[in-house]
Amino acid sequence: MKRVIFYFDGFNFYSGLKDKCVKDHKWYKYYWIDIVKFCNQFVGEGSELVMVKYFTSPPMNNGKRSRQSALFGANLILNGEKFKVINGHYTNKTVTCNANCKKNFSVLEEKRTDVNIAVHILMDCLNDLVDNIILVTADSDQIPTIQAVKNKFPTKKLKIYFPPERNSTDIYNITIVRQK
């Protein structure tokens, strides 16, 4: 039985879903999704979904944080150990206005999501906890992770699923199989 783990880039997935909802209101129903049940639809015969790892950071806005917490809480109740949230955090970053004002101002910057995804994928491979990796992202920052898995763990199968309204030519180009 092949062991499957999904790795969700939560920011990429949520932003894509949000953009899709603007274009097609029917997609709003997916804001409250059983993520493990959704992923199980993509697990083929002879494979077992071991876990879904969802990488994000709790929003700074209390209302958004509460809704995110409710979604994740429901998924934990429904799926127990098969659903895991790995949090990064936000930090303040000072940026300078490039327009005429040249003033400095503070913006929030999300930290650790990309590194957390990479570390979890590589550690799961090193500890032989996964056979089939499914990475849900269109963030080309994950290209070194994809290349490391392909080079160091050639027996591991890796698939990339792009979130709604997201794609990456760079990721596509390194993951397609070329016939000789």
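Quick look at the structure, then. (Residues numbered from 1 in each chain as written. Predicted model: local features only at pLDDT ≥ 70, side-chain atom pairs only at ≥ 80, totals over all residues. Heavy atoms only, no water.)

### Quick look at the pattern of salt bridges
Proximity of charged atoms lets side chains of opposite charge pair with each other.
Okay, so step 1: Tallied over the entire structure, the rule returns 9 salt bridges.
Okay, so step 2: Its salt-bridge partner being Lys20, residue Glu165 comes within 3.7 Å of it at the nearest N-O pair. Taken together, the residues span a long stretch of sequence, with Glu165 in the loop between β7 (157-161) and α6 (169-175) and Lys20 in helix α1 (residues 10-23) at a distance of 145 residues.
Okay, so step 3: In this structure, Glu109 engages Lys93 in a salt bridge whose closest nitrogen and oxygen atoms are separated by 3.4 Å. Within this pair, whereas Glu109 is found in strand β5 (residues 104-111), its partner Lys93 is found in strand β4 (residues 89-96), the two being separated by 16 residues in sequence.
Okay, so step 4: Owing to a relative accessible area of 26%, Glu109 belongs among the partly exposed residues under this scheme.
Okay, so step 5: Each member of the salt-bridge network shares a partner with another, and the members are Arg3, Asp128, Asp131 and Lys156. (Salt bridge = Lys/Arg side-chain N within 4 Å of Asp/Glu carboxyl O. Helix = DSSP H or I, 4+ residues; strand = E, 2+ residues; numbered from the N terminus. Buried < 20%, exposed > 50% of the residue type's maximum accessible area, 1.4 Å probe, protein only.)

### So, the packing of aromatic side chains
Okay, so step 1: One pass over the structure, following the stated rule, counts 11 aromatic pairs.
Okay, so step 2: For the ring pair Phe8 and Phe13, a centre distance of 5.1 Å and an interplane angle of 85° mean the geometry is edge-to-face.
Okay, so step 3: Relative accessible area serves as the criterion here: at 1%, Phe8 is assigned to the buried category.
Okay, so step 4: Measuring from centroid to centroid gives 5.9 Å for Phe72 and Phe83, while their planes differ by 50°, and the two rings are tilted. Taken as a pair, Phe72 in helix α3 (residues 62-79) and Phe83 in strand β3 (residues 83-87) lie far apart in primary sequence, 11 residues in all.
Okay, so step 5: Taking relative accessible area as the criterion, Phe72 reaches 7% and is therefore assigned buried.
Okay, so step 6: Residue Phe83 is classed as buried on the basis of its relative accessible area, which comes to 2%.
Okay, so step 7: By the ring-pair criterion, three or more aromatic residues cluster together here, those being Phe6, Phe8, Phe13, Phe38, Phe42, Tyr54, Phe72, Phe83 and Tyr161. (Phe/Tyr/Trp six-rings, centres within 6.5 Å; stacked < 30°, edge-to-face > 60°.)

### Digging into a nonpolar patch on the surface
Okay, so step 1: Side chains of Val115, Val119, Met123 and Leu126 sit close together on the surface and give an oily, nonpolar patch of about 370 Å² of accessible area.
Okay, so step 2: Among the secondary structure elements, Met123 is positioned in helix α4 (residues 113-126). (Patch = residues over 30% accessible without salt bridge, like charges linked within 9 Å, V, L, I, M, F, W, Y side chains within 5 Å. Areas by Shrake-Rupley, 256 points an atom, 1.4 Å probe, with all protein chains shown as cover.)

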